[in-house]
Amino acid sequence: MKKKTLILVVITLFVGCIKKSNKSIPEKIEGLIAEKAMVVSAREEASKIGVDIMKQGGNAFDAMIASDLALLVSYPVTGNIGGGGFMVFRMNDGSTGALDYRETAPYLATKNRYLDEEGKLDSDKSKTGALAIGVPGTIAGLFEIHEKYGSMPIQQLIEPAIQLAKNGVVVTEAQAKRLNHHKGSFRKVNQEHIIYDQEWRTGDTIKNSLLAKTLERIKTHGRDGFYKGKTADLIVNHIQNIGGIITKDDLANYEVKWRAPITFIYKGHKIISMPPPSSGGICLAQILKTIEPYDIGQYKHNSTKYI
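What you are looking at is a predicted structure, and each value in this text was computed from that prediction instead of being measured.

A.B. asks: Whenever I open this one, the sheet that holds strand β4 (residues 96–101) confuses me. Can you help?
C.D. replies: Strand pairing within a sheet occurs via backbone hydrogen bonds; the two strands may be parallel or antiparallel. Strand order across the open sheet formed by 3 strands is β3-β4-β7, with antiparallel pairing between neighbours. Since the sheet does not close on itself, it has two edges, and those belong to β3 (85–90) and β7 (257–259), each with one partner. Within the sheet, the average angular offset between the axes of one strand and its neighbour, ignoring direction, is 20°. Pairing of β4 with β7, which is carried by 3 bridges, proceeds in the antiparallel orientation. Within β7, the position partnered with leucine 99 by the bridge is tryptophan 258. Contacts between helix α4 (residues 138–149) and the sheet are confined to β3, β4 and β7, with β4 contributing the most and set at about 150° to the helix.

Pasting the structure below:
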């Protein structure tokens, strides 16, 4: 496979003011700049795993895959195994691309499935419970990315997440609050006890042996380790037992889609973002092109005029 290199540059700018001679002089302060590469994620464990992958010779796509898998263990709000995602990238030769691996509607879905007996919208059905979920795309997306751009064996990228699930993740203060806040919903939706529906405290350790076994099946059998076989049986049986309509065919037939990114120019800068079905790229373009004629730098951050 021909290797390509993805350059990721993450720069955080903080703008302050220094008063001198009664004049405000903007001071530009740059955030952390790495010599070769950087991994930024919502959990330190996931970022470290991504960096370690690159130190072993992996490219940025390898690091992304390993970090995402680590996030589904350590911070499932951002990383997930039962949801989906988008990827936007720019290569060091200037080429760009986008991958859509978001969830899709099950085959048995109908336009009226969120209406009550009187034909009125029941918004709870679209937000909570088995009818609110789609066919998951994350694992398919990661395998597609690896097939096209990965350089290391996929098994090597999955193993750190397996070990993280077995050894455990330390619960942060924010994570404890979030898990405890949703404890009742976990029990209501799953209709059985799950690991996350107990009372958590800052500093507790979550060891998820069942998730580790799921990841091991994926490591052994590839994409089919999730979309077919035992894992697929477990997913479909549980979803249908609690009133869902996802089938084994839905899982087996899931497909990702490569798309052309949304690109536009803002004040001389080329912006690359995700196209539909994401609303982000178009919305971002509309906002930035609307404010482009204005010198928003003259307004105080978060002031009425600025907003």
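A.B. asks: Got a minute to help me understand unusual backbone geometry in this structure?
C.D. replies: Of note, the amide linkage connecting proline 276 to proline 277 takes the cis form, showing an omega dihedral of 15°. Following the sequence through the fold, proline 277 ends up in the loop between β9 (269–273) and α12 (280–291). Positive phi outside glycine occurs at glutamine 191, with the angle close to 60°. Mapped onto the secondary structure, glutamine 191 falls in the loop between α7 (183–190) and β6 (205–206). We note that asparagine 302 has phi near 70°; this positive angle belongs to a residue other than glycine. Tracing the backbone shows asparagine 302 in the segment after α12.

A.B. asks: So what exactly am I meant to see when it comes to the side chain of histidine 146 here?
C.D. replies: Relative to the elements of secondary structure, histidine 146 occurs in helix α4. Residue class for histidine 146 comes out buried when judged on its relative accessible area of 15%. A distance of 2.5 Å separates a polar atom in the side chain of histidine 146 from the backbone oxygen of methionine 152.

A.B. asks: It is not clear to me how the packing of helix α2 (residues 60–74) against α4 should be interpreted in this structure. Could you clarify?
C.D. replies: Packed helices, taken two at a time, are described by their axes: the angle between them and the distance between them. Relative orientation of the contacting elements α2 and α4 amounts to 160°, with a least axis distance of 10 Å. Judged by the angle between their axes, α2 and α4 are roughly antiparallel. Two packed elements cross with a definite hand, and for α2 against α4 that hand is left-handed. Touching Phe61, Asp62, Met64, Ile65, Asp68 and Leu69 of α2 are Thr138, Ile139, Leu142, Ile145, His146 and Tyr149, all from α4. For the contact of α2 with α4, the per-class residue count stands at 8 nonpolar, 2 polar and 2 charged.

A.B. asks: What's the story with the side chain of arginine 113 in this structure? I'm lost.
C.D. replies: Considering the arrangement of structural elements, one finds arginine 113 in the loop between β4 and α3 (123–127). Buried charge arginine 113 goes without a salt bridge, the closest partner of opposite sign being aspartate 250 at 8.8 Å. A distance of 3.2 Å separates the side chain of arginine 113 from the side chain of tyrosine 114, its partner in a polar contact. Ignoring anything within four residues of it in the chain, the contact list for arginine 113 reads Ala105, Pro106, Lys125, Leu131 and Ile245.

A.B. asks: Whenever I open this one, the packing of helix α5 (residues 154–167) against helix α8 (residues 209–221) confuses me. Can you help?
C.D. replies: Following both chains from N to C, one finds α5 and α8 inclined at 165°, their axes separated by 8 Å at the closest point. The orientation of α5 with respect to α8, classified from their angle, is roughly antiparallel. Regarding α5 and α8, the two cross each other, and that crossing is left-handed. Contacts from Gln155, Ile158, Glu159, Ala161, Ile162, Ala165 and Lys166 in α5 reach Ser209, Ala212, Leu215, Glu216, Ile218 and Lys219 in α8.

A.B. asks: In this structure, what is going on with the nonpolar core? I would like to understand it.
C.D. replies: If you look at soluble globular proteins, the nonpolar side chains tend to sit buried side by side. With 48 residues, the main nonpolar core has Leu69, Val73, Ile145, Ile158 and Leu215 as its most contacted residues. Tallying contributions element by element places α2 first for this core, with 8 residues. Those residues in contact with isoleucine 158 that lie beyond four places of it in its chain are Leu69, Phe143, Leu215, Ile218 and Lys219. Residues Ala176, Leu179, Trp200 and Ile206 belong to the second largest nonpolar core, which totals 7 residues.

A.B. asks: When you look at the packing of aromatic side chains in this model, what are you seeing that I'm missing?
C.D. replies: Ring pairs (aromatic) are described by centroid distance and by the angle formed between their planes. Counted according to the given criterion, the structure contains 7 aromatic pairs. Taken together, a centroid distance of 5.5 Å and an interplanar angle of 80° make the contact between phenylalanine 61 and phenylalanine 89 edge-to-face. Residue phenylalanine 61 is located in helix α2, and its partner phenylalanine 89 is located in strand β3; the two are separated by 28 residues in the primary sequence. Of the two residues examined, phenylalanine 61 and phenylalanine 89, each falls in the buried class. With a centroid separation of 4.8 Å and an interplanar angle of 75°, the aromatic rings of phenylalanine 226 and tyrosine 227 are classed as edge-to-face. For phenylalanine 226, a relative accessible area of 3% gives the class buried. Assessed through its relative accessible area of 2%, tyrosine 227 is described here as buried. A connected cluster of aromatic rings, assembled from ring pairs, spans Phe61, Phe89, Tyr149 and Trp258.

Parameters and conventions
Residues numbered from 1 in each chain as written. Predicted model: local features only at pLDDT ≥ 70, side-chain atom pairs only at ≥ 80, totals over all residues. Heavy atoms only, no water. Pairing = 2+ DSSP bridges. Helix = DSSP H or I, 4+ residues; strand = E, 2+ residues; numbered from the N terminus. Axes fitted to C-alpha atoms, helices over the stretch in contact; angles between N-to-C directions. Contact = heavy atoms within 4.5 Å. Buried < 20%, exposed > 50% of the residue type's maximum accessible area, 1.4 Å probe, protein only. Polar contact = N/O pair within 3.5 Å; in protein donor to acceptor, adjacent residues only side chain to side chain. Parallel < 35°, antiparallel > 145°, perpendicular 65-115°, else oblique. Left-handed = near helix turned anticlockwise from the far one by under 90°. Nonpolar A, V, L, I, M, F, W, Y, C, P; charged D, E, K, R; others polar. Lys, Arg positive; Asp, Glu negative; His and termini not counted. Salt bridge = Lys/Arg side-chain N within 4 Å of Asp/Glu carboxyl O. Core = buried A, V, L, I, M, F, W, Y, C linked by side-chain atoms within 4.5 Å. Phe/Tyr/Trp six-rings, centres within 6.5 Å; stacked < 30°, edge-to-face > 60°.

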